[in-house]
Amino acid sequence: MASDYRGKNRFHFGFRYAWKGLKVAILTERNVKIHLLAMIMVIIIGLITKLSTVEWAILFLTIGAVISMEIMNTALERALDYLEPKKHTAIGTAKDLAAAAVLVTAIIAIIIACLIFLPKWLAILA
Ligand SMILES: Nc1ncnc2c1ncn2[C@@H]1O[C@H](COP(=O)(O)OP(=O)(O)OP(=O)(O)O)[C@@H](O)[C@H]1O
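This one's a predicted model, so the numbers in the text were calculated from it and none came from an experiment.

**Here we look at the overall build of the protein**
When helices and strands are tallied, the protein shows four helices and zero strands. Listed by position from the N terminus, the elements making up the protein come as α-α-α-α. For 126 residues, the compact-globule formula gives about 14 Å, and the C-alpha radius of gyration of the protein, at 19 Å, lies well above that figure. With respect to the principal axes defined by its C-alpha atoms, the protein has extents near 60 × 45 × 20 Å. When the 126 residues of the protein are sorted by exposure, 11% land in the buried category.

As structure tokens, this is what we get:
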């Protein structure tokens with residue numbers, strides 16, 4: 001019913017659809033599962049390493065960026081598969097570009113993790 005998505009209910013429905021999307025991403029996308037597992041591992045390592053508030057904030061921003069980018073990539077892939085089920089160069093390039101965005105974010109996340117964790121671990125070892 002179109003009128004459900006109006007006025008006061010708009011926020012409620014927007015959140016419900018977003019939650020539905022999150023469930024689909026977690027249940028059906030292998031890469032999202034891998035990123036969530038990595039997030040749990042990083043949080044455990046962060047707790048052991050005893051990070052500062054700012055370091056936690058940077059880490060969560062980074063994790064959020066990687067997972068969000070992966071979900072956007074999935075959304076694009078699904079839409080493109082629906083719009084053009086056959087092989088097409090433009091579709092391939094669009095998917096490669098979306099995958100590149102995920103890769104760039106993941107590389108930056110690894111660099112940030114190294115910048116946060118390595119000095120602390122080296123200090124423990126020294
Ligand atoms: N319709 C298409 N036309 C041309 N090339 C495509 C098409 N679909 C996929 N490809 C190529 O295959 C690659 C993989 O696409 P696919 O949709 O299978 O994603 P994937 O790597 O399996 O993603 P994920 O593992 O995240 O689901 C794309 O990056 C693109 O290069």
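Back to the write-up after that little detour.
**Concerning the nonpolar core**
One finds Ala 25, Leu 59, Ile 63, Val 66, Ile 67, Met 69, Ile 71, Val 102, Ala 109 and Ile 116 forming the largest nonpolar core, which totals ten residues. If one sorts the elements of this core by residue count, helix 3 (residues 53-83) sits on top with six residues. Apart from residues no more than four positions distant in its own chain, Ala 109 is found in contact with Thr 62 and Val 66.

**Section: helix 4 (residues 89-125)**
In this model helix 4 runs 51 Å from its N-terminal to its C-terminal C-alpha over 37 residues, within 8% of the 54 Å that 1.5 Å per residue would give. The buried fraction of helix 4 amounts to three of the 37 residues, a small share that puts the element mostly on the outside. Buried within helix 4 we find Val 102, Ala 109 and Ile 116. Contacts from the buried residues of helix 4 go to helix 3.

**Quick look at the site of the ligand**
Neighbouring residues of the ligand: Asn 31, Glu 77, Glu 84, Lys 87, His 88, Ile 91, Gly 92, Lys 95, Asp 96 and Ala 99. A per-element tally of the shell around the ligand places helix 4 first, with five residues. Split into classes, the residues belonging to the shell around the ligand amount to two nonpolar, three polar and five charged.

**Some thoughts on the UniProt feature "binding site: ATP" (unreviewed entry) in the protein**
Using the residue numbers shown here, the UniProt feature "binding site: ATP" (unreviewed entry) corresponds to Arg 10, Tyr 17, Glu 29, Glu 77, Lys 95 and Asp 96. The greatest C-alpha distance among the annotated residues, which extend across 87 residues, is 34.2 Å, indicating that they are dispersed rather than converging on a single site. Mapped onto the elements of the fold, Glu 77 is located in helix 3. Beyond its immediate stretch of four places on either side in the chain, Glu 77 contacts Lys 95 and Ala 98. With respect to the helices, strands and loops of the structure, Asp 96 is situated in helix 4.

**Points about the UniProt feature "transmembrane region" (unreviewed entry) in the protein**
Those residues carrying the UniProt feature "transmembrane region" (unreviewed entry) are residues 32-51, 57-76 and 97-118 in this numbering. Between the first and last C-alpha atoms of residues 32-51 the distance is 25 Å; the span itself is 90% helix and 0% strand. Along residues 97-118 the backbone is 100% helical and 0% strand, and the end-to-end C-alpha distance reaches 31 Å.

Basis of the calculations
Residues numbered from 1 in each chain as written. Predicted model: local features only at pLDDT ≥ 70, side-chain atom pairs only at ≥ 80, totals over all residues. Helix = DSSP H or I, 4+ residues; strand = E, 2+ residues; numbered from the N terminus. Rg over C-alpha atoms; globule rule 2.2 N^0.38 Å. Buried ≥ 20, exposed ≤ 12 C-beta atoms within 10 Å, placed from the backbone. Core = buried A, V, L, I, M, F, W, Y, C linked by C-beta atoms within 7 Å. Contact = placed C-beta atoms within 7 Å. Expected span 1.5 Å × (residues − 1). Near = placed C-beta within 6 Å. Nonpolar A, V, L, I, M, F, W, Y, C, P; charged D, E, K, R; others polar. UniProt positions renumbered as here; feature names shortened; annotations may be inferred.

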